[in-house]
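So the chains spell out like this:
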Amino acid sequence: MSSYSFGAHSISCHAWNKDRTSLALSLNNAEVNIYSQKAGKWEIVHTLKEHTQRVTSIDWGADQNRIVTCGVDRNAYVWTFVDGKWKPTLVILRINRAATCVRWSPKEDKFAVASGARLIAICYFEKEYDWWVSKHIKKPLRSTVTSIDWHPNNVLFAAGSSDFKARVFSGYIKEVEDKPSATPWGKKMTLGSLMCEFSNGGEEDKNDGKPKPKSQGGWVHDVSFSASGNKLAWVGHDSRISVVDSTKDMQMVSVKSKFLPFTTCMWVTENSLVVAGHDCCPMLFVHGDDGKLTFMNKLDVPKQKESSSLSAMQRFRSLDANKGAEDKGAAKTIHLNTITQISMYAGDKAHCSKFTTSAVDGQICIWDFKTLESSIAGLRLV
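Residues numbered from 1 in each chain as written. Predicted model: local features only at pLDDT ≥ 70, side-chain atom pairs only at ≥ 80, totals over all residues. Heavy atoms only, no water.

Q: Describe the overall build of the protein, listing the residues and the values that go with them.
A: A tally of regular secondary structure across the protein gives two helices and 28 strands. Burial statistics for the protein: of 382 residues in total, 52% are counted as buried. Counted over contacts in the protein with a minimum sequence separation of 6, partners at least 24 positions apart contribute 49%. Element-wise, carbon and sulfur atoms account for 49% of the exposed surface of the protein, whose accessible area totals about 17800 Å². (Helix = DSSP H or I, 4+ residues; strand = E, 2+ residues; numbered from the N terminus. Buried < 20%, exposed > 50% of the residue type's maximum accessible area, 1.4 Å probe, protein only. Contact = heavy atoms within 4.5 Å. Areas by Shrake-Rupley, 256 points an atom, 1.4 Å probe, with all protein chains shown as cover.)

Q: So what's going on with the pairing of strand 6 (residues 55-61)? Which residues, and what values?
A: Successive side chains on a regular strand alternate, one facing one side of the sheet and the next facing the other. Judged by how many residues are buried, strand 6 sits mostly within the fold: seven of seven residues are covered. For strand 6 and strand 7 (residues 66-71), the ladder comprises six bridges, and the chain directions are antiparallel. Each residue of the ladder has a partner; that of Ser57, found in strand 7, is Cys70. In this antiparallel pair of consecutive strands, strand 6 and strand 7, the connection spans four residues, and Asn65 shows a positive phi of 55°. (Pairing = 2+ DSSP bridges.)

Q: How would you sum up the sheet that holds strand 26 (residues 339-347)? Please name residues and give values.
A: As summarised here, the arrangement of the four strands in space is 1-28-27-26, forming an open sheet in which the pairing is antiparallel. Where the open sheet ends on each side, the last strands, each with one partner, are strand 1 (2-5) and strand 26. Averaged over neighbouring strand pairs, the angle between their axes works out to 20° when direction is ignored. When strand 1 meets strand 28 (residues 363-368), the two strands line up antiparallel, connected through four bridges. (Axes fitted to C-alpha atoms, helices over the stretch in contact; angles between N-to-C directions.)

Q: Account for the state of the cysteines, naming residues and giving values.
A: Two cysteines joined by a covalent bond between their sulfur atoms form a disulfide. Throughout the structure, instances matching the rule amount to zero disulfides. Here Cys70 stays unpaired: no disulfide links it, and the sulfur of Cys101, its closest cysteine neighbor, is 6.6 Å away. By relative accessible area, Cys70 is classed as buried at 0%. Not part of a disulfide, Cys281 finds its nearest cysteine sulfur in Cys280, a span of 8.6 Å. (Disulfide = S-S within 2.5 Å.)

Q: Requested: an account of the sheet that holds strand 5 (residues 41-48), with residues and values cited.
A: Spatially, 2-3-4-5 is the arrangement adopted by the four strands of the open sheet, whose pairing is antiparallel. Looking at which strands have only one partner, the edges of the open sheet turn out to be strand 2 (13-16) and strand 5. Across this sheet, the average inter-strand angle for adjacent strands is 25°, counted without regard to direction. Pairing of strand 2 with strand 3 (residues 22-26), which is carried by four bridges, proceeds in the antiparallel orientation.

Q: Could you give an account of the pairing of strand 19 (residues 231-236), with specific residues and numbers?
A: Burial analysis of strand 19 places six of its six residues in the buried class, which makes it a mostly covered element. Along strand 19, one buried face is formed by Lys231, Ala233 and Val235 and the opposite face, lined by Leu232, Trp234 and Gly236, is buried too. Between the end of strand 18 (residues 220-225) and the start of strand 19, which pair antiparallel, lie five residues, with Gly229 showing a positive phi angle near 85°. Pairing of strand 19 with strand 20 (residues 240-245), which is carried by five bridges, proceeds in the antiparallel orientation. Directly across from Lys231, in strand 20, lies its bridge partner Asp245. What sits between strand 19 and strand 20 in their antiparallel hairpin is a turn of three residues, with Ser239 showing a positive phi close to 65°.

Q: How would you sum up the pattern of salt bridges? Please name residues and give values.
A: This model, assessed by the stated rule, comprises six salt bridges. Across the salt bridge formed by Glu197 and Arg167, the nearest N and O atoms sit 2.8 Å from each other. Linking Glu197 in strand 17 (residues 194-199) with Arg167 in strand 16 (residues 165-170), this pair joins segments that are 30 residues apart in sequence. The buried category is assigned to Arg167, whose relative accessible area is 1%. Measuring nitrogen to oxygen at the nearest pair gives 3.2 Å for the salt bridge that ties Arg240 to Asp238. Judged by relative accessible area, Arg240 falls into the buried class, the value being 3%. It is possible to trace a salt-bridge network through shared partners that takes in Asp163, Arg167 and Glu197. (Salt bridge = Lys/Arg side-chain N within 4 Å of Asp/Glu carboxyl O.)

Q: So what about unusual backbone geometry? Which residues, and what values?
A: The step from Lys139 to Pro140 runs through a cis peptide bond, and the omega angle for that step is 0°. With respect to the helices and strands, the residue Pro140 is situated in the loop between strand 13 (131-137) and strand 14 (145-150). A positive phi angle is found at Asn28, which is not glycine, with a value near 60°. Take Asn28: it is sitting in the loop between strand 3 and strand 4 (32-38). The residue Arg74 is not glycine, and still its phi comes out positive at about 70°. Along the chain, the position of Arg74 falls in the loop between strand 7 and strand 8 (76-82). Relative accessible area serves as the criterion here: at 39%, Arg74 is assigned to the partly exposed category.

Q: Summarise the side chain of Asn200; cite the residues concerned and give the values.
A: By the element assignment, Asn200 lies in the loop between strand 17 and strand 18. Within polar-contact distance, the side chain of Asn200 engages the backbone oxygen of Gly218 at 2.8 Å. Residues in contact with Asn200, not counting those within four places in the same chain, are Phe164, Gly217, Gly218, Trp219, Val220, Trp234, Gly236, Asp238, Arg240 and Ser242. (Polar contact = N/O pair within 3.5 Å; in protein donor to acceptor, adjacent residues only side chain to side chain.)

Worth remembering: the numbers are spatial, not functional.
This is the structure:
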């Protein structure tokens, strides 16, 4: 596991280029910094400054080498590398609230932008006018859309919302793609078609069949399709993790964990899911063939006590990042504050070998999942 600090400011979002030699991130402000690693250190090589308010999401298209960003200023930009510089192209979003999340489709011919305006903008390039235009999906969204993830077929996408719902929509744009074929999620795929809708919480725990009191539920922080696109997972603010299998009559399993709320999730194999959030530690869950969702283990290891050789300034920074906690109450995890994002670093959702996390503590951590997986393989399921 490798950890890199980018200062005292929190990292709101990050994205990698195709070969992982460059990193784009925003330190909770209106700028996006592009870093390259030199002599083991990350140095800023470009700064993207078109946004006027805080950047909320970044996605870097691997095949086309284009970056798309969105922010609180209600704008999105597509950045293209031309003559040694990143050139921005404005996206016509037509929204009156902050843009919260942006994701390229798998073929990178369009992207989706979530917003606080209770709508999702599906954006594509209009060659005639040389800009990116959008089409809106509004119904049945009733609150801020917080997260988006595309299905592998390039048409369907999942969206999480603060109205306690996870939904699967069609993002079909006839101007840029052929008519899609049917999937286990449904057949009719005109733009904006609601394929499925699921509640986060407010229902009995369906994992073990035992009667339990109903929870109040919680808004959905993140959604993730599996590599095949047949499974959808999401995490909510009520510390709940849910998975739906479209090949088994939309069989849904929902588990309210004992941990603090999770803010992000990602499939690392067809049946394994990594989640993270306010516990500052990535955790592994497994969705078995029997339909049960099982917590495996935490993927972090306790930190060693600080060396006596640390300078006074290093000690002060460590305490400040951990909100002045005393040694007896100091965090025992690598991250010292909430993890906000998990991204793929090596491999894919079917066979992940490494993934990265960014957090409010200003750190980017690279986790060797294969090593972690082998080290916990013999542990008893919790």
